[in-house]
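# Summary of structural features
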Amino acid sequence: LPALAPDSPRAAAMLLAAGRGERMRPLTDVTPKPLLAVRGRPLMAWCLQRMAEGGLSDVVINTGWLGEHMPAALGNCWRPEGSAGPLQLRYSHEGQDFGGALETAGGIVRALPWLDDVFWVAAGDVFAPDFRFDPSERSRLAASPCLAHLWLVPNPPHNPRGDFGLSEEGLALNLPTDHPGPRYTFSTIALYKQAFFAPPWCDIPRGNPEGVKAPLAPLLRRAMEGGWVSASLYTGDWTDVGTPERLAELNQA
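These remarks concern the structure in this document. If you're wondering where the values come from, they're calculated on a predicted model, not measured in any experiment.

## A look at the overall build of the protein chain
- Within the protein chain, the secondary structure is distributed over 7 helices and 14 strands.
- A compact globule built from 253 residues should have a C-alpha radius of gyration of about 18 Å, and the protein chain, at 17 Å, falls within 12% of that.
- Its C-alpha atoms give the protein chain principal-axis dimensions of roughly 45 × 45 × 40 Å.
- Split into buried and exposed, the 253 residues of the protein chain put 54% on the buried side.
- Long-range pairs, those at least 24 residues apart, make up 75% of the contacts in the protein chain between residues at least 6 apart in sequence.
- In the protein chain, which carries 22 positive and 27 negative side-chain charges, the distance between the mean positions of the two groups comes to 1 Å.

## Thoughts on helix α7 (residues 244–252)
- When we look at burial in α7, the residues that qualify are Arg246, Leu247 and Leu250. Viewed end-on, α7 has its buried residues packed into an arc of 100°, placing them on one side of the element. For α7, the exposed residues set more than 90 degrees away from the buried face come down to Glu245, Glu249 and Gln252.

## Some remarks on the pattern of salt bridges
- Taken as a whole, this structure holds 10 salt bridges when the rule is applied.
- A salt bridge links arginine 132 to aspartate 134; its shortest N-O distance comes to 3.4 Å.
- Taken together, the shared-partner salt bridges in this structure form one network comprising Arg10, Asp116, Asp117 and Arg138.

## Remarks on the packing of aromatic side chains
- According to the stated counting rule, one finds 13 aromatic pairs in the structure shown.
- Ring centres of phenylalanine 119 and phenylalanine 197 lie 6.2 Å apart, and the angle between their planes is 25°; this geometry places the pair in the stacked category. With phenylalanine 119 in strand β7 (residues 115–123) and phenylalanine 197 in the loop between β12 (185–193) and α6 (217–225), this residue pair connects regions lying 78 residues apart in the sequence.
- By relative accessible area, phenylalanine 119 is classed as buried at 0%.
- Exposure remark for phenylalanine 197: the relative accessible area of 2% places this residue in the buried category.
- Through successive ring pairs, a cluster of aromatic residues spans Trp120, Phe131, Phe133, Trp151 and Tyr234.

## Examining the environment of threonine 31
- Relative to the helices and strands, threonine 31 is located in the loop between β1 (11–17) and β2 (37–38).
- Looking at threonine 31, the relative accessible area reads 24%, which means it is partly exposed.
- Between the C-alpha atom of threonine 31 and that of arginine 140, which follows or precedes it by 109 residues, the distance is 38 Å.
- Not counting chain neighbours up to four residues away, the residues in contact with threonine 31 comprise Leu36 and Leu66.

## Topic: unusual backbone geometry
- The linkage connecting proline 199 with the following residue, proline 200, adopts the cis geometry, with an omega of 5°.
- Structurally, the position occupied by proline 200 is in the loop between β12 and α6.
- If you check the backbone angles, glutamate 103 has positive phi at about 65° while not being a glycine.
- Inspection of the secondary structure puts glutamate 103 in helix α4 (residues 103–111).
- In the Ramachandran plot, threonine 188 falls in the positive-phi region, its phi being about 85° despite a non-glycine side chain.

## Points about the pairing of β1
- Across the 7 residues that make up β1, a large majority, 7, are buried.
- Note that β1 and β7 share 5 bridges and pair parallel. Considered in β7, the bridge of methionine 14 is made with valine 121.
- Pairing of β1 with strand β4 (residues 58–63) involves 5 bridges; the strand directions are parallel. Residue pairing for β4: methionine 14 is matched across the bridge by valine 60.

## A short note on the sheet that holds strand β9 (residues 148–153)
- Strand order in this open sheet of 8 strands is β5-β6-β4-β1-β7-β12-β9-β13, and the pairing throughout is mixed. Of all the strands in the sheet, the pair left with one neighbour each is β5 (77–78) and β13 (229–233).
- Each of β1, β4, β6 (87–93) and β7 touches α4; the most contacted strand, β1, lies at about 145° to it.
- Lying over the sheet, α6 contacts β9, β12 and β13, oriented at roughly 105° with respect to β13.

Parameters at a glance
- Residues numbered from 1 in each chain as written.
- Predicted model: local features only at pLDDT ≥ 70, side-chain atom pairs only at ≥ 80, totals over all residues.
- Heavy atoms only, no water.
- Helix = DSSP H or I, 4+ residues; strand = E, 2+ residues; numbered from the N terminus.
- Rg over C-alpha atoms; globule rule 2.2 N^0.38 Å.
- Buried < 20%, exposed > 50% of the residue type's maximum accessible area, 1.4 Å probe, protein only.
- Contact = heavy atoms within 4.5 Å.
- Lys, Arg positive; Asp, Glu negative; His and termini not counted.
- Charge placed at Lys NZ, Arg CZ, Asp CG, Glu CD.
- Arc of directions from axis to C-beta.
- Salt bridge = Lys/Arg side-chain N within 4 Å of Asp/Glu carboxyl O.
- Phe/Tyr/Trp six-rings, centres within 6.5 Å; stacked < 30°, edge-to-face > 60°.
- Pairing = 2+ DSSP bridges.
- Axes fitted to C-alpha atoms, helices over the stretch in contact; angles between N-to-C directions.

Okay, structure coming up:
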């Protein structure tokens, strides 16, 4: 990644937008999934709108498949609806730099030099129009011994067994699939500290100069075993827009 200028602020959020969207084909043969229209605007614009309303000013977007479409559609200074200030957008072009997406952890580590000490991550293909990117949540994690805070949601039909448990103390739990306790689905929305993407949790060098591909779930599960990941249950409107049918349902609502 190009080095930031000394006076450039580091971004407090990253929006993941590098995936191929195989299950959305043929729609994604010509349009990246986060740019597909939901209720008259690009899917990822809903998340960017909420980030701006939460007071964020700088966001990193990673790109992969059809990555050149992102800056063409959004530019480097994106203006939300209403009175929220503009967002400065920076692009981590994984497809251009490495020939393809680096998966979630690989992509985040690639962008670390541009990100703040505590930063939000959300997926550009998730529809959560009422989620609040509350600055007090960043402050809470910064003051906590935890390395990450996840927002979990009730399990949708396509993920009935969920991903993680949630303790009474507010810790995310790496429960086995046959555990009798409740499990919830990871919304993809989370706060992380830079230290989460360093040893012993992550061995990829900061900035991921070699373009190592790595998933996020194994890192989270290891950290959960030590009680380093907290979580909250979010019950607002949430959809993983993973199929043409779910996209059509959103647009019919």
